[in-house]
Amino acid sequence: MKAIQYTRIGAEPELTEIPKPEPGPGEVLLEVTAAGVCHSDDFIMSLPEEQYTYGLPLTLGHEGAGKVAAVGEGVEGLDIGTNVVVYGPWGCGNCWHCSQGLENYCSRAQELGINPPGLGAPGALAEFMIVDSPRHLVPIGDLDPVKTVPLTDAGLTPYHAIKRSLPKLRGGSFAVVIGTGGLGHVAIQLLRHLSAATVIALDVSADKLELATKVGAHEVVLSDKDAAENVRKITGSQGAALVLDFVGYQPTIDTAMAVAGVGSDVTIVGIGDGQAHAKVGFFQSPYEASVTVPYWGARNELIELIDLAHAGIFDIAVETFSLDNGAEAYRRLAAGTLSGRAVVVPGL
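Rules of the game
- Residues numbered from 1 in each chain as written.
- Predicted model: local features only at pLDDT ≥ 70, side-chain atom pairs only at ≥ 80, totals over all residues.
- Heavy atoms only, no water.
- UniProt positions renumbered as here; feature names shortened; annotations may be inferred.
- Helix = DSSP H or I, 4+ residues; strand = E, 2+ residues; numbered from the N terminus.
- 1 Å grid on protein atoms, 1.4 Å probe; cavity = no way out; pocket = protein on both sides within 12 Å on 5 of 7 lines; lining within 4 Å.
- Points joined across faces, edges and corners; volume = space filled by probe spheres on them.
- Nonpolar A, V, L, I, M, F, W, Y, C, P; charged D, E, K, R; others polar.
- Phe/Tyr/Trp six-rings, centres within 6.5 Å; stacked < 30°, edge-to-face > 60°.
- Axes fitted to C-alpha atoms, helices over the stretch in contact; angles between N-to-C directions.
- Parallel < 35°, antiparallel > 145°, perpendicular 65-115°, else oblique.
- Left-handed = near helix turned anticlockwise from the far one by under 90°.
- Contact = heavy atoms within 4.5 Å.

A.B. asks: Explanation requested: the UniProt feature "domain: Enoyl reductase (ER)" (unreviewed entry) in the protein chain in the structure shown.
C.D. replies: UniProt feature "domain: Enoyl reductase (ER)" (unreviewed entry): in the numbering of this structure it lies at residues 10–344. The span residues 10–344 is 26% helical and 23% strand by assignment, and the distance between its end C-alpha atoms comes to 22 Å.

Right under this line is the structure:
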């Protein structure tokens with residue numbers, strides 16, 4: 001079968017031919033219908049050899065949708081042909097966090113060598129993929145898999161980040177979204193649906209700000225050296241109650257801290273270069289501001305997102321690519337020329 005794999009440190013991902021997998025006991029084989037392309041992939045492929053720990057060759061893709069093609073021994077209650085999306089942050093299923101559905105924070109995954117698809121385990125950028133357990137599948141019914149697959153990360157990650165801050169998003173408050181791409185444009189829609197806050201979106205180009213306005217941002221601000229000052233002109237002295245940084249480089253984190261208000265949440269979602277940090281302390285950050293770095297989201301939250309998708313609240317911007325042209329999606333991602341989320345469709 002065809003797959004897009006990272007095969008050599010520092011090289012571009014490439015289209016390869018690999019054997020079609022067979023499900024083992026407890027596993028599920030999916031015929032992939034859509035797979036998302038994420039900045040996290042680009043980040044791990046930028047790592048030097050001494051820091052790279054994900055194995056080679058690596059079939060990429062941690063956002064996956066598909067049809068159940070076969071099940072392994074012991075799997076019951078899952079019909080062949082069922083349309084599903086994949087919950088990506090696999091855990092042990094038994095620790096305290098996993099028992100709450102928070103497999104993204106599994107306390108034993110590293111110890112047991114459990115890796116997400118596309119981030120250690122074979123991912124979704126292939127014609128078929130193995131899912132380790134049926135509990136990591138969420139049926140989507142008649143939803144379009146191409147439009148729905150971004151919800152497994154580009155939706156789940158901001159949803160998880162926003163939910164924890166909803167009590168702070170009262171009427172008259174402000175929420176700032178830095179970066180309006182794959183995750184950010186979904187975050188804007190979630191904020192509009194879930195809260196009464198005024199949503200201010202920041203990005204580096206007019207077309208990205210146009211997308212932010214299209215999906216519901218009340219205000220847009222160019223993300224440049226004057227961004228913090230221009231945001232403060234909108235928020236006034238109270239600042240933002242929530243700042244979501246979907247970029248994670250030092251300039252955007254500095255902007256996030258500069259626009260945050262007293263008692264606010266600053267949530268750094270973007271991985272950036274992995275080196276940036278928020279400056280926290282007296283005379284450096286607002287009083288009682290909380291800075292956090294979330295990772296993905298809970299299983300129940302993905303189910304909730306699929307329910308919201310059935311209710312029609314999302315307008316997910318996607319650009320589609322075939323498997324044969326999947327490497328181009330990563331080039332476009334690195335160049336910053338994508339609008340919304342890149343989705344590879346094996347059937348194209």
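A.B. asks: What am I meant to see in empty space enclosed by the protein here?
C.D. replies: Empty pockets left among the atoms are what a rolling probe the size of a water molecule brings to light. Counted under the stated rule, the structure contains one cavity of 30 Å³ or more. In this model, the largest cavity occupies a volume close to 40 Å³. In terms of lining residues, the largest cavity is bounded by Thr180, Gly181, Asp207, Lys208, Leu211, Leu338, Ser339 and Gly340. Of the residues that constitute the lining of the largest cavity, the class distribution is two nonpolar, four polar and two charged.

A.B. asks: Honestly, the packing of aromatic side chains in this entry has me stumped. Any pointers?
C.D. replies: For the coordinates displayed, the defined rule picks out five aromatic pairs. Clustering of aromatic rings is evident, with ring pairs tying together Tyr6, Tyr52 and Tyr54.

A.B. asks: Can you help me understand the packing of helix α8 (residues 227–235) against helix α9 (residues 250–259) in this one?
C.D. replies: Working note: a packed helix pair is described by the angle between its axes plus the distance between those axes. The N-to-C vectors of α8 and α9 enclose an angle of 30°; their axes lie 9 Å apart at closest approach. Comparing their axes, α9 and α8 come out roughly parallel. Seen from above, α8 lies across α9 with right-handed handedness. For the pair α8 and α9, contact is made by Ala227, Ala228, Val231 and Arg232 and by Thr255, Ala258 and Val259, respectively.

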